[in-house]
Amino acid sequence: MKKQITTVAFKDTQEQRAKLDALIEKYKNEKGPMMPILQGAQDIYGYLPIEVQRYISIQTEVPLSEIYGIASFYSQFLLNPKGQYAVSVCLGTACYVKGSGLLMEKLTEVLGIKNGEITPDKKFSLDATRCIGACGLAPVITVNEDVYGRLEPKDIPDIIAKY
Amino acid sequence: MNTVNVKINGREYAVPANSTILEAARYAGIEIPTLCYLKDINAIGACRLCLVEVKGARGLVTACVYPVNEGMEIFTNTPKVKAARKTNIELVLSAHEKKCLSCIRSTNCELQKYANEFGADESRFSGRNTKEAIDDSTVFLVRDNNKCILCRRCVAACNKLQGIGVIGANNRGFDTNIACAFEKNLSDTSCISCGQCIVACPVGALYEKDDTQKVLDAIADPTKHVAICAAPSVRATIGECFGYEPGTDVEGKMVAAMKRLGFDGVYDMNFTADLTIVEEANEFIGRVQNGGKLPMITSCSPGWIKYCEHYFPEFTDNLSTCKSPQQMFGALYKTYFAKKMGLDPKDIVFVSAIPCTAKKFEVTRPGQSVEDGIPGVDIAITTRELARMISGAGIDFTKMPDEEFDKPIEIGSGAGVIFGATGGVMEAALRTAAETILNKPLEKLEFDDVRGTESIKRATYKLGDLEVKVAVASGTANAKKLLKAVQSGEEKVDFIEIMGCPGGCVNGGGQPVQPASVRNNVNLVELRSKVLYDADSKEEIRKSHENPIVKMVYEEFLGEPNSHVAHEILHTHYVKRGL
Ligand code: SF4
Ligand code: SF4
Ligand code: SF4
Ligand code: FES
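Residues numbered from 1 in each chain as written. Chains lettered and ligands numbered in written order. Predicted model: local features only at pLDDT ≥ 70, side-chain atom pairs only at ≥ 80, totals over all residues. Heavy atoms only, no water.

## Considering the overall build of chain B
Across its full length, chain B holds 20 helices and 19 strands. On C-alpha atoms alone, chain B measures out to a radius of gyration of 25 Å, which is about the 25 Å that the 2.2 N^0.38 rule sets for 579 residues. For chain B, the C-alpha atoms occupy an extent of roughly 75 × 55 × 50 Å along the three principal directions. Contacts in chain B between residues at least 24 apart in sequence constitute 73% of all its contacts with a sequence separation of at least 6. A total of about 22800 Å² of accessible surface is found on chain B, and carbon and sulfur atoms cover 49% of it. Here chain B holds 68 positive side-chain charges and 74 negative ones, and the gap between their average locations is 7 Å. (Helix = DSSP H or I, 4+ residues; strand = E, 2+ residues; numbered from the N terminus. Rg over C-alpha atoms; globule rule 2.2 N^0.38 Å. Contact = heavy atoms within 4.5 Å. Areas by Shrake-Rupley, 256 points an atom, 1.4 Å probe, with all protein chains shown as cover. Lys, Arg positive; Asp, Glu negative; His and termini not counted. Charge placed at Lys NZ, Arg CZ, Asp CG, Glu CD.)

## Brief notes about the site of ligand 2
Every residue lining ligand 2 is accounted for by C158, I164, V166, C191, I192, S193, C194, G195 and C197 of chain B. Classifying every residue of the shell around ligand 2 by side-chain character gives seven nonpolar, two polar and no charged. (Near = heavy atom within 4 Å. Nonpolar A, V, L, I, M, F, W, Y, C, P; charged D, E, K, R; others polar.)

## Quick word on the side chain of T76 of chain B
Residues and elements named next belong to chain B. When you line up the elements, T76 lands in the loop between β5 (73–75) and α2 (79–94). Residue classification places T76 among the buried residues on the basis of a relative accessible area of 5%. The residues contacting T76, other than those within four sequence positions of it, are I8, N9, I30, I32, V52, V81 and R85. (Buried < 20%, exposed > 50% of the residue type's maximum accessible area, 1.4 Å probe, protein only.)

## Considering the packing of aromatic side chains
Scanning the model with the defined rule gives 24 aromatic pairs over all chains in all. Ring geometry for Y85 of chain A and F124 of chain A: centres 5.9 Å apart, planes at 40°, overall tilted. Taken as a pair, Y85 of chain A in strand β1 (residues 85–90) and F124 of chain A in strand β2 (residues 124–129) lie far apart in primary sequence, 39 residues in all. On the basis of relative accessibility, which here comes to 7%, the residue F124 of chain A falls in the buried class. Between F271 of chain B and F329 of chain B, the ring centres sit 5.6 Å apart and the planes meet at 85°, which makes this aromatic pair edge-to-face. Linking F271 of chain B in helix α9 (residues 270–289) with F329 of chain B in helix α11 (residues 325–341), this pair joins segments that are 58 residues apart in sequence. The exposure class assigned to F271 of chain B is buried, which follows from its relative accessible area of 0%. (Phe/Tyr/Trp six-rings, centres within 6.5 Å; stacked < 30°, edge-to-face > 60°.)

## Here's the deal with the layout of surface pockets
Considered as a void within the structure, the largest pocket measures approximately 750 Å³ in volume. What lines the largest pocket is a set of 27 residues, and nearest its centre among them are S57 of chain A together with I164, S190, Y311 and L579 of chain B. Of all the secondary-structure elements, those providing two or more residues to the lining of the largest pocket are α3 (50–60) and α4 (64–73) of chain A together with α10 (302–311) and α16 (476–487) of chain B. When the residues that make up the lining of the largest pocket are grouped by side-chain class, the tally is twelve nonpolar, nine polar and six charged. (1 Å grid on protein atoms, 1.4 Å probe; cavity = no way out; pocket = protein on both sides within 12 Å on 5 of 7 lines; lining within 4 Å. Points joined across faces, edges and corners; volume = space filled by probe spheres on them.)

## Digging into the interface of chain B and chain A
In this assembly, 19 residues from chain B lie in contact with 23 residues from chain A. Across the chain B/chain A interface, buried area totals approximately 1600 Å², and carbon plus sulfur atoms make up 56% of it. Among the residues chain B hides against chain A, the three largest losses belong to N171, R172 and F182 of chain B. Together they make up 46% of the total. Counting across the interface, chain B meets chain A through one salt bridge. Salt-bridge contacts for E61 of chain A lead to K484 of chain B; the nearest nitrogen and oxygen are separated by 3.2 Å. Inspection of the region where chain B meets chain A yields six residue pairs in polar contact (both at pLDDT 80 or more). If one sorts the elements of the side of chain B that touches chain A by residue count, strand β7 (residues 168–170) of chain B sits on top with three residues. (Buried area = accessible area lost by both parts, 1.4 Å probe. Salt bridge = Lys/Arg side-chain N within 4 Å of Asp/Glu carboxyl O. Polar contact = N/O pair within 3.5 Å; in protein donor to acceptor, adjacent residues only side chain to side chain.)

## Considerations on the domain arrangement of chain B
The figure often quoted for interface size is the accessible area lost as the parts come together. Residue and element names in this part refer to chain B. Split into domains, chain B comes out as domain 1 (3–77), domain 2 (93–208) and domain 3 (213–570). Computed from C-alpha coordinates alone, the two centres of domain 1 and domain 3 are separated by 42 Å. Of the residues lining the interface, six residues belong to domain 1; the matching set on domain 3 comes to four residues. Both faces combined, the contact of domain 1 with domain 3 buries some 470 Å², and carbon together with sulfur accounts for 45% of it. For domain 1, the biggest contributors to the area lost against domain 3 are R26, L38 and K39; these three give 65% of the whole. Here domain 1 is connected to domain 3 by zero salt bridges. Our count for the domain 1 to domain 3 interface comes out at two residue pairs in polar contact (both at pLDDT 80 or more). Partitioning the side of domain 1 that touches domain 3 into residue classes produces two nonpolar, one polar and three charged. (Domains from an automatic or database assignment.)

Here it is, written out as structure tokens:
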């Protein structure tokens, strides 16, 4: 599955930008600077939106396409901001055939946000993920570390209400 | 040269010490099949088509990246090698949209060729069947990733040849796709429209936006007067689409074929190449004499213009304001010539045959129209599209007689024809500038220092009291190097020629696609340029300002070079786009 790209507007503070500058300065002239820069940038912002990647591209003169290639390749890099509670719906084959698409629809309705978005109060974010290896429980959603399996759309409101 | 002794298929060879197995084999007259490898820019060992056996090595090795060493024994053609290559092709085919019947690259596709040669079974494995969206967001290029084999040759061309890097490999595993960052449309990036990615692609995943139907429709419309002009370099390359060796001049046959397509006029763009030179040389002299912005940089390559606007907006005032030859032609055709021929510009469809995808973008630019709603050039078709129209009309190109361009625009000078090669515009401009300043004929017309296929060329010429430092760069990666040196003050120049594509128009993104087996072994730029320099040396008129049609147009219409009318019709302006 291709990585979802956020539609949430980006904001940063002067403090964050100063940290990012220091980070780029530190690794810029080293060999293979992009992994540590992207990791550091994600620590600063929580995710790697286009604004941050473009800024890194201009400062390091590495094409944005190359940076995005790395960011979309490694699963550790996030292109979406995460809420306090990150809700993930498994769209792996097993979950999908058992109706995880419907769970996604229900979550969109309950949370009022689409796949890849975050609620305005930053409490919940919603993402689709690849198979998480809990196929026996299909269809599955996770909220941070908590796993909920064998769900139907009607179970969703109660789960969300717990947080 | 240091050599090492290797055995290839049982025979002994001394090969250059630091070659790869692929290079060593070629040395021994053996062509190992490759899909992802492109000399100098893409040696990534991804497709695994170039597998060979090496005695003592574990498993098969990829010849394109594996270095030879003393005593190495290589086998390029064993049953094991052949079976592995076949399987790898079959795996590629499993994820490929196999639509050879309608594919734009059918019969000129490296994948199709190898699949056929290896006897591959296209349905042995069933692979992904998700459909990728087609990116046709620009006016010049289409990306159909359903046919992409992930060789990354386009990425290397964009990044390394051109120094742009707006495309790359996104995601991973089965989801890997070649696209722009954040899956943006190409039209939303700072792609310069050069088309170098297209001519690097082995398959039908990248191609120009085909405008041939528009041309055919116009020709079929009896109320339209449809004229076409052919850019200097097209005559040097279009033969390749009909089986001629690279470097064959087919001007006469090309003209004959164009006439048989039913155009109302078939003209030589060399004429407006000459006009561009007269305008540009005088603009340069003017800038030198009046303290204008220097260095002045040529403006006839729209790929370069878009590059400048995106990546070096601070240099847009250095650009000559001259339109490119195709735009000058369209503009004059719909004004001066229309009046002369008694035509209403609204009824004219002006087509240009060009080596370049960027010119498709150029025709859509504001500041290029004759008047509101009347574009200078209506449709720009690449060399490949022209060839497609010719075959599509059942015209046997090879059997064409040699014919001449239509009057009244049949004359181009030798200076005009060399426009198509890197350094050609500079040489043409110097011929005219020198004679204008010195006010006497030059003894030697060749400016050898600006000829040749090097990436950046420099020279200093004395034109009377004036010392002119010139530089010539082709390919935007080289342009970047040159401009950075100018910016930092490291390099002092007065006049710069830049062509967006490496080697100039002869190697444009709209030119016939040659497979890697040719690109890797033959210097296409050199072969194709030679056609143009040979044509120049045979011309009677070799200076732009001596072209009689150019003279006539000034006398009857434009007045002087850089006159008010000339500015209205032949000059344009630029935008600072940024990234
Ligand atoms: S890219 Fe090649 S193999 Fe694929 S459909 Fe086109 S011609 Fe056939
Ligand atoms: S047209 Fe040129 S700039 Fe655009 S993607 Fe292709 S190679 Fe890159
Ligand atoms: S688009 Fe063409 S050149 Fe680019 S990776 Fe795909 S097959 Fe290779
Ligand atoms: S791996 Fe050698 S050509 Fe592709």
